[in-house]
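Remarks on the overall topology
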Amino acid sequence: MTHTDWPLWEVFVRSRRGLSHTHAGSLHAPDAELALRNARDLYTRRGEGVSIWVVPSSSIRASSPDEKDPFFEPAADKPYRHPTFYEIPEGVQHL
């Protein structure tokens, strides 16, 4: 495998002040271990990160912005998802 055949990896870094990982960029690497090491060298050179995730780009699936309305609209046709669908038994004090 030549370096031109290496898969693309997405890099997520959690900063010292941050609570969640944020997308830092992308890189090519032959495997996960080298992707992690390269991500450390490339995206946390100044010690700004405490945690790094590397994910193969081919494993990421995303919703389409064109389908946002049907994809994210509430499921009104599924009443069991709402607490009003269930009856609370008489003996239950805290729910």
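Residues numbered from 1 in each chain as written. Predicted model: local features only at pLDDT ≥ 70, side-chain atom pairs only at ≥ 80, totals over all residues. Heavy atoms only, no water.

Per an unreviewed UniProt entry, the protein chain goes by Phenylacetic acid degradation protein and derives from Streptomyces gancidicus BKS 13-15.

**Overview of the nonpolar core**
Grouped burial of nonpolar side chains is what soluble globular proteins tend to show. Membership of the largest hydrophobic core is limited to ten residues, which are Trp 9, Val 11, Val 13, Leu 27, Ala 29, Ala 35, Ala 39, Tyr 43, Ile 52 and Val 54. Elements with a contribution of two residues or more to this core: strand E1 (8-15), helix H1 (32-43) and strand E3 (49-56). In contact with Leu 27, other than residues within four places in its own chain, are Pro 7, Leu 8, Trp 9, Val 11, Ala 35, Asn 38, Ala 39, Leu 42 and Tyr 43. (Core = buried A, V, L, I, M, F, W, Y, C linked by side-chain atoms within 4.5 Å. Buried < 20%, exposed > 50% of the residue type's maximum accessible area, 1.4 Å probe, protein only. Helix = DSSP H or I, 4+ residues; strand = E, 2+ residues; numbered from the N terminus. Contact = heavy atoms within 4.5 Å.)

**Comments concerning the sheet that holds strand E2 (residues 22-28)**
On the basis of which strands lie adjacent, the open sheet formed by three strands has the order E2-E1-E3 and antiparallel pairing. Edge positions in the open sheet fall to E2 and E3, since each of these has one partner strand only. Geometrically, the sheet is characterised by an average inter-axis angle of 25° between neighbouring strands, direction not taken into account. Relative to E3, E1 runs antiparallel, the two being bridged by seven bridges. Within the sheet, the bridge partner assigned to Arg 14 lies in E3 and is Ser 51. Strands in contact with H1 are E1, E2 and E3; relative to E2, the strand with the most contacts, it is inclined by about 120°. (Pairing = 2+ DSSP bridges. Axes fitted to C-alpha atoms, helices over the stretch in contact; angles between N-to-C directions.)

**Here's the deal with H1**
The end-to-end C-alpha separation of H1 is 16 Å, in line with the 16 Å expected for twelve residues at 1.5 Å each. Where H1 is concerned, the buried positions are Ala 35, Ala 39 and Tyr 43. End-on view of H1: buried residues confined to an arc of 35°, all on one side of the axis. Here H1 starts with a cap whose side-chain oxygen sits 3.3 Å from the backbone nitrogen of Glu 33, and that cap is Asp 31. (Expected span 1.5 Å × (residues − 1). Arc of directions from axis to C-beta. Polar contact = N/O pair within 3.5 Å; in protein donor to acceptor, adjacent residues only side chain to side chain.)

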